[in-house]
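# Tertiary structure, described
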Amino acid sequence: MSDSGQPRSDETFAEVEGQIKALKAAGDRLAGGSFEALGKKRAFKVTVNGSGELVGIKFLTRSYRTMPGEELADQLVEAIGEARRKAIDAGLANLVGIMPSGSPAEELLSGKTDMAEIFGDAMRWLGVGPVAEPAPGPRGEVRGG
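The present account deals with the structure reproduced in this document. In this text, all values refer to a predicted model and were calculated from it rather than measured experimentally.

So, on to a nonpolar patch on the surface. A contiguous nonpolar surface patch, about 230 Å² in accessible area, is contributed by Leu-54, Ile-57 and Phe-59. Along the chain, the position of Phe-59 falls in strand 3 (residues 54-59).

So, on to the pairing of strand 2 (residues 44-49). Within a regular strand, side chains alternate between the sheet's two faces. For strand 2, a buried count of 5 out of 6 residues is recorded, marking the element as mostly surrounded by other parts of the structure. In this structure, strand 1 (residues 34-38) lies alongside strand 2, joined through 5 bridges in antiparallel fashion. Among the inter-strand pairings, Phe-35 is bridged to a residue of strand 2, identified as Val-48. Hairpin connection, strand 1 to strand 2: the antiparallel pair is bridged by 5 residues, and Arg-42 has positive phi, about 60°. Pairing of strand 2 with strand 3 involves 5 bridges; the strand directions are antiparallel. Bridging from a neighbouring strand, Phe-44 pairs with Phe-59 of strand 3. Counting the residues between successive antiparallel strands, the hairpin from strand 2 to strand 3 contains 4 residues, one of them, Gly-52, with a positive phi of roughly 85°.

It is worth spelling out unusual backbone geometry at this point. With phi around 60°, Arg-42 is a residue other than glycine that occupies positive phi space. Turning to its location among the elements, Arg-42 is positioned in the loop between strand 1 and strand 2. Arg-42 gets classed as exposed once you look at its relative accessible area, which sits at 54%.

Here the focus is the packing of aromatic side chains. For the coordinates displayed, the defined rule picks out 2 aromatic pairs. Seen from their ring centres, Phe-44 and Phe-59 are 6.2 Å apart, and the 65° between their planes marks the pair as edge-to-face. Placement of Phe-44 in strand 2 and of Phe-59 in strand 3 is noted, with a sequence separation of 15 residues between them. Its relative accessible area of 36% is what places Phe-59 among the partly exposed residues. Three or more aromatic residues link up through ring pairs in this structure, and these residues are Phe-44, Phe-59 and Tyr-64.

Conventions used here
- Residues numbered from 1 in each chain as written.
- Predicted model: local features only at pLDDT ≥ 70, side-chain atom pairs only at ≥ 80, totals over all residues.
- Heavy atoms only, no water.
- Patch = residues over 30% accessible without salt bridge, like charges linked within 9 Å, V, L, I, M, F, W, Y side chains within 5 Å.
- Areas by Shrake-Rupley, 256 points an atom, 1.4 Å probe, with all protein chains shown as cover.
- Salt bridge = Lys/Arg side-chain N within 4 Å of Asp/Glu carboxyl O.
- Helix = DSSP H or I, 4+ residues; strand = E, 2+ residues; numbered from the N terminus.
- Buried < 20%, exposed > 50% of the residue type's maximum accessible area, 1.4 Å probe, protein only.
- Pairing = 2+ DSSP bridges.
- Phe/Tyr/Trp six-rings, centres within 6.5 Å; stacked < 30°, edge-to-face > 60°.

Now the structure itself:
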C-alpha cells in the first residue's frame, strides 16, 4: 500500500531544510559583520558587532578632550544607536530576503508591530501591559482589576 502523503512530506521536509540552511547562512553573515558610526563632530567612531554589541570606540581627534562630559556622552549614545540601527537593518535585510513572501518579519523584528494590539485581549485578561481595563476571563471573572 502506497502512502500518497509521503512525496508531499518529503517536499515539505526539503523546504524546511532549505530554510534552515538559509537562516544559518544569514546568521553567519550577520555574526561576522561590524557596523560603524561617526560622532556628530567626527571626534570618534564607534563599532558594534552583528548583535549590536559595542566592540570599539576610536577617537579620531583630540577634540573630545575639551567637550563637556554630557555632550560627549550624548554623542556617544547617539553614535552607538546609529551603529546598532545599521546592524538591525542588515539583519532585517538578511531575514526579509529569506522569509516567505508577505511575511511580517520586518514589522515584527523592527518593533513596528503593536504587540498590545495583537495580544490586547490576553494582556487585558492577565492585567498586564499598557491597557486600561482588564477583560473578563473565560468564566466571566475579571482578573488584574
